[in-house]
Amino acid sequence: MVSRFIMNSSYSHTYYCFSERMDEATAALEEQVRLQLAHELYMNEDMEMNMPHPESIVGQVKQIVHRAFWDSVRAGLEKSPPDYEHCIRLILEIKEILLDLIPTASGGQKMRSQVNEVMDVDLYKQQIENDTFDLRSVSQFVVSIMLALCAPARDSTVRAISDNNDPVEILRAIFSALDLIRLDFVNYQLRTLRPTLLAHSVQYEQDKFRTLLQRNPSALDKTRTWLSDTVNTLRNLNEVVTPTTILQAAFWRLIEEEVSDVPETAAMDIARYVSLSKELKAVVFAASCILILQNGIGPPVQQDSFANKVRVVVYQLCSQEYISHPRDILDNIKEKLLDVVKETITTRSLTEGECAKIREMLAALKSPDNTVYSLLWKRAKSYFTSLSGSSAPITPPAGYSVCVTDLQGVASKYTHLVSYNRGVFGPFYADIMPKILGAAPS
C-alpha cells in the first residue's frame, strides 16, 4: 500500500488534499451539529430525539434499504446448507450495542462480563460448522439483557421478540427494539445534560460559533447584509440609527418580512420567527375583527363573551399550516364571524341588508393598508421593539381587547428569542456595527 502511494505522487497529493478538505468539512459539520443540538436543548425544554416517521422521506428510504438488507439475510439462511455470514455479523453488532448500553460503573461489570462470555462469536462459528448453532437461544439471552436495560414502557416490545419463530424476524425485531432503547438512553442523557447546559449555554454557543467562523470567515456575510439593509431602511425613514435601534429593527424584520437571505445568527431560529409571525398576524387580525364588529354593530356585541368567540374562531381558522396570513381565508372568516354575530343577537333575526353590511365591514380587512389592522400592527411593532430593547415592564398597547394576553404571550416568546440571540452573538454584532454605521447610505 505504501509503495503504491509513493509510485503515484501526483495522485497521492490530490487524494491527500481532497481527504484533508473532507476532514475539515466533516469537522465543521460536527461543530454545526453540536451547536444546533445545544441551541435546541436550551430553546425547547421538551426536546426529544425521535425515530423518523415511516411516511417521511427518511423513513421511506430506511424501509426500502432495510427491506433489501433483510431479504439478503433471508436468502442466505434459506440456502442449503444455510449461510450464517450475515447472522454472525449481526450478532456481533448486537453484542457491541449491548456493551455500549451497559453502564460502565461497577454495577454493570457483571452484566458486561456475561455478555462477553455468552456472546462468543468464535464459539458460534464452531457451532455453525458442527450444525449445532441455535439462534433462538442466542435471541433469548439477548432479550434477557435488553429487559434488564430497557425502560418499563419497552418491556412488552422486547418480550414480543420471543414470540417469533422466523429467524429473520427475530433479528429484525431485536434491532428495532435496540433502536428504541438507544433512543431512550439518548433522551435520558439529554434531560440530564440540560441543567448544566442552561448554566453555560451562551458561552458554549458563542465559542462554537467562533470556531465555525475561524474555519469559514464568510460565515457572517448574510448577517452583515441583514444589518446593513436595516441601517439603510432606518436612514431612509429618517429614524434614529444606533446599534440598539438597528438590532431592534433587524429582529422585527424577521417577523414582518420574508428575509430572502436568512442571517447566519438567526438561522437556527428562523422557523420560530416564522411561527411567531403567523401567531402575531392572527392576534392582530382577531383584534381588528373585534374592533370593526363592535364599533360597526354597537351595543348588541359589546360583551367580552362575544369578543372571545370572535378570537377563538379566527385562531382556529388560522391554525392550519398552509395559511400564511388571515387575509388568505377572509371569505371563510367573514361567514364564520357572521354566524357568531347571529348567535349573539338573540332578540331578532338579522336582515339580508345587515348581513351584507357585516360582510362589507370585514371585507375591508382584505387590504394590507386597512386602517384598523395597520394601526394595531404598528402598535404591536412599537410594543415588541420596545420590549426587545428594555428590561423594564412595558404596558401592552390599547385596542387588543380580549386578545391582549395572547399579544403578551407572543411578545414574551419574541423577547426570549431576541435577548438570547443578542447574548450569544452580541460580540459579533459589536464587531460589525462600526463598519456598517460608518458606511455611506445606499
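In case you missed it, the structure is sitting above this.
Residues numbered from 1 in each chain as written. Predicted model: local features only at pLDDT ≥ 70, side-chain atom pairs only at ≥ 80, totals over all residues. Heavy atoms only, no water.

A.B. asks: Got a minute to help me understand the overall build of the protein chain in this structure?
C.D. replies: A tally of regular secondary structure across the protein chain gives 17 helices and zero strands. Against the compact-globule benchmark of 22 Å for 442 residues, the protein chain has a radius of gyration of 31 Å, which places it well outside the compact range. Judged by the C-alpha coordinates and their principal axes, the protein chain covers about 95 × 65 × 45 Å. Classification of the 442 residues of the protein chain by burial places 38% in the buried group. Considering only contacts in the protein chain between residues 6 or more positions apart, those separated by 24 or more positions represent 71%. As displayed, the protein chain has an accessible area near 24900 Å², and 54% of this comes from carbon and sulfur atoms. Charged side chains of the protein chain number 45 positive and 54 negative; the gap between the two group centres comes to 5 Å. (Helix = DSSP H or I, 4+ residues; strand = E, 2+ residues; numbered from the N terminus. Rg over C-alpha atoms; globule rule 2.2 N^0.38 Å. Buried < 20%, exposed > 50% of the residue type's maximum accessible area, 1.4 Å probe, protein only. Contact = heavy atoms within 4.5 Å. Areas by Shrake-Rupley, 256 points an atom, 1.4 Å probe, with all protein chains shown as cover. Lys, Arg positive; Asp, Glu negative; His and termini not counted. Charge placed at Lys NZ, Arg CZ, Asp CG, Glu CD.)

A.B. asks: Is there a simple way to explain the nonpolar core in this structure?
C.D. replies: What tends to happen in soluble globular proteins is that the nonpolar side chains get buried as a cluster. Leu227 and Leu280 are the most contacted members of the largest nonpolar core, which totals 82 residues. Per-element tally for this core: the top contributor is helix α17 (residues 404–438), with 14 residues. Non-local contacts of Leu280, meaning those with residues more than four positions away in its chain, are made with Trp252, Ile255, Trp377, Ala380, Phe384, Leu407 and Val410. Of all hydrophobic cores here, the second largest spans 37 residues; its members include Ile94, Ile102, Met146 and Ile174. (Core = buried A, V, L, I, M, F, W, Y, C linked by side-chain atoms within 4.5 Å.)

A.B. asks: Looking at this structure, I do not really get the packing of aromatic side chains. What am I missing?
C.D. replies: Scanning the entire structure with this criterion turns up 19 aromatic pairs. Where Phe209 meets Phe428, the ring centres are 5.1 Å apart and the plane angle is 75°; that geometry is what we call edge-to-face. Of this pair, Phe209 sits in helix α9 (residues 167–215) while Phe428 sits in helix α17, placing them 219 residues apart in sequence. Exposure remark for Phe209: the relative accessible area of 6% places this residue in the buried category. Three or more aromatic residues joined by ring pairs make a cluster, and in this case those are Trp252, Phe285, Tyr373, Trp377, Tyr383, Phe384 and Tyr414. (Phe/Tyr/Trp six-rings, centres within 6.5 Å; stacked < 30°, edge-to-face > 60°.)

A.B. asks: Any chance you could explain the packing of helix α12 (residues 270–297) against helix α16 (residues 371–388) here in plain terms?
C.D. replies: Geometry of a packed helix pair, given as the angle between the helix axes and the separation of the axes. It is the contact of α12 with α16, at a shortest axis distance of 9 Å, that shows an interaxial angle of 135°. With respect to each other, α12 and α16 are oriented oblique. Between α12 and α16 lies a crossing whose hand is right-handed. Where α12 approaches α16, its residues Leu280, Lys281, Val284, Phe285, Ala287, Ser288, Leu291 and Ile292 are matched on the opposing element by Val372, Tyr373, Leu376, Trp377, Ala380 and Phe384. Classifying every residue of the contact of α12 with α16 by side-chain character gives 12 nonpolar, one polar and one charged. (Axes fitted to C-alpha atoms, helices over the stretch in contact; angles between N-to-C directions. Parallel < 35°, antiparallel > 145°, perpendicular 65-115°, else oblique. Left-handed = near helix turned anticlockwise from the far one by under 90°. Nonpolar A, V, L, I, M, F, W, Y, C, P; charged D, E, K, R; others polar.)

A.B. asks: Sorry, what's going on with unusual backbone geometry here?
C.D. replies: Glycine aside, residues mostly have negative phi angles, and peptide bonds mostly take the trans form. Residue Pro81 is reached from Ser80 by a cis peptide bond, and omega for that bond is -5°. Position of Pro81 relative to the elements: it lies in the loop between α3 (57–77) and α4 (85–101). Located in the positive-phi region is Asn238, a residue other than glycine, with phi close to 55°. Note that Asn238 resides in the loop between α10 (221–236) and α11 (243–256). Despite not being glycine, Ser401 has its phi angle at roughly 50°, a positive value. With respect to the element layout, Ser401 can be found in the loop between α16 and α17.

A.B. asks: I tried to follow the side chain of Asn370 on my own but got confused; where do I start?
C.D. replies: Inspection of the secondary structure puts Asn370 in the loop between α15 (352–363) and α16. By relative accessible area, Asn370 is classed as buried at 10%. A distance of 3.2 Å separates a polar side-chain atom of Asn370 from the backbone oxygen of Ala364. Ignoring anything within four residues of it in the chain, the contact list for Asn370 reads Ile292, Ala364 and Leu365. (Polar contact = N/O pair within 3.5 Å; in protein donor to acceptor, adjacent residues only side chain to side chain.)

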